[in-house]
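One letter stands for each residue in the lines below.
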Amino acid sequence: MNRLVLVHGLGVSPRYFEPLLDALPQSEAPDLRPLTTLPALAERLQEVVGEESASFVGNSFGCQVIAELAQRRPELVDRAAFVGPTVDRRRRSWVSQIARLAVDATREAPRLVGLAVRDYFETGPARTLRMAREALRDPLEPKLPALRAPLLVVRGERDPLCPQDWAEEVARLAPAGRLAVIPEAAHAAHYSHARELAVLVRAFLQEPK
């Protein structure tokens, strides 16, 4: 099995991957936060894996980073799993995204919410806002038809940031995409339902191409 790299969302640190790192001990989670633009983030991810292909699991904005890398260096992305991919094209506005993030905060574990708030302060509001602006400006859907790698889209059943219709569209647009839904999970399924997600990811990685 090749390397498995976890790609965090905007403003947060790899700390929020700790439950999934425990469930997938072969995985690694680099900290990409010093960078804010998708080209720079994709370049940094490329530096992490070097010239060998890897499999990736991204959450939220991390899915956009993986898609950017796949567009630039498709040979480096062997497989990809998008957990709660952003940004839903029908709801691509500051108002909608902030409102949905607020709803999601009520559905996540209090410990995760506290960790995210701490990370946002550590990252800094200016850099976090720059990443948010980058996320809103980047349409994911045009990149998916050219994605060579098999794609597993995972949605938490209660995720307000990645509605069912958007998750279905992301999976449908990728040539080798499919969707799995984790019951009771919200946007951070990798944290609240790490074991369930790990089962899906392991099975996905073991499938023949």
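The sections below set out a description of the structure shown in this document. Predicted model, so just to flag it, every value in this text is computed and none were measured.

## A look at a nonpolar patch on the surface
Part 1: Judged by side-chain polarity, Trp94, Ile98 and Leu129 come together as a nonpolar surface patch covering roughly 310 Å² of accessible area.
Part 2: Counting through the fold element by element, Trp94 comes out in helix H4 (residues 94-105).

## Considerations on unusual backbone geometry
Part 1: Residue Thr86 is joined to Val87 through a cis peptide bond whose omega torsion reads 0 degrees.
Part 2: The backbone phi angle of Ser60 is positive, close to 60 degrees, even though this residue is not glycine.
Part 3: Mapped onto the fold, Ser60 is located in the loop between strand E3 (54-59) and helix H3 (61-72).
Part 4: A residue is classified by how much of its surface remains accessible, and Ser60, at 14% relative accessible area, is buried.
Part 5: The phi torsion at Glu184 lies on the positive side, around 75 degrees, for a residue other than glycine.
Part 6: The topology assignment puts Glu184 in the loop between strand E6 (177-182) and helix H8 (189-192).
Part 7: Relative accessible area serves as the criterion here: at 53%, Glu184 is assigned to the exposed category.

## Re helix H6 (residues 125-137)
Residues separated by three or four positions in an α-helix point in the same direction, a consequence of the helix having 3.6 residues per turn.
Part 1: With 13 residues, H6 should reach 18 Å at 1.5 Å per residue; the first-to-last C-alpha distance of 18 Å fits that figure.
Part 2: Turning to H6, its buried residues are Thr128, Met131, Ala132, Glu134, Ala135 and Leu136.
Part 3: At its buried positions, H6 is contacted by helix H2 (38-49), H3, H4 and helix H5 (110-123).

## Some details on the side chain of Glu68
Part 1: Mapped onto the fold, Glu68 is located in helix H3.
Part 2: At 2.7 Å, the side chain of Glu68 forms a polar contact with the side chain of Arg72.
Part 3: When sequence neighbours within four positions are dropped, the list of residues in contact with Glu68 reads Leu38, Pro39, Ala42 and Lys143.

## Comments concerning the packing of aromatic side chains
Two measures describe an aromatic ring pair: the distance that separates the ring centres and the angle between the ring planes.
Part 1: For the structure shown, the criterion picks out 1 aromatic pair.
Part 2: The side chain of Arg79 reaches across the aromatic face of Phe204, ending 5.7 Å from its centre.

## Things to note about the pairing of E3
Part 1: The buried fraction of E3 is high, at 6 of 6 residues.
Part 2: Of the two faces of E3, the one holding Ala54, Phe56 and Gly58 and the one holding Ser55, Val57 and Asn59 are both buried throughout.
Part 3: Pairing analysis gives 5 bridges linking strand E1 (residues 3-7) to E3, with the strands arranged parallel. For Val7, the partnering residue across the bridge sits in E3 and is Gly58.
Part 4: Each parallel crossover has a hand, and the one from E3 via H3 to strand E4 (residues 77-83) is right-handed.

What counts and what doesn't
- Residues numbered from 1 in each chain as written.
- Predicted model: local features only at pLDDT ≥ 70, side-chain atom pairs only at ≥ 80, totals over all residues.
- Heavy atoms only, no water.
- Patch = residues over 30% accessible without salt bridge, like charges linked within 9 Å, V, L, I, M, F, W, Y side chains within 5 Å.
- Areas by Shrake-Rupley, 256 points an atom, 1.4 Å probe, with all protein chains shown as cover.
- Salt bridge = Lys/Arg side-chain N within 4 Å of Asp/Glu carboxyl O.
- Helix = DSSP H or I, 4+ residues; strand = E, 2+ residues; numbered from the N terminus.
- Buried < 20%, exposed > 50% of the residue type's maximum accessible area, 1.4 Å probe, protein only.
- Expected span 1.5 Å × (residues − 1).
- Contact = heavy atoms within 4.5 Å.
- Polar contact = N/O pair within 3.5 Å; in protein donor to acceptor, adjacent residues only side chain to side chain.
- Phe/Tyr/Trp six-rings, centres within 6.5 Å; stacked < 30°, edge-to-face > 60°.
- Lys NZ or Arg CZ within 6 Å of the ring centre and 35° of its normal.
- Pairing = 2+ DSSP bridges.
- Right-handed = clockwise from strand over helix to strand, strands pointing away.

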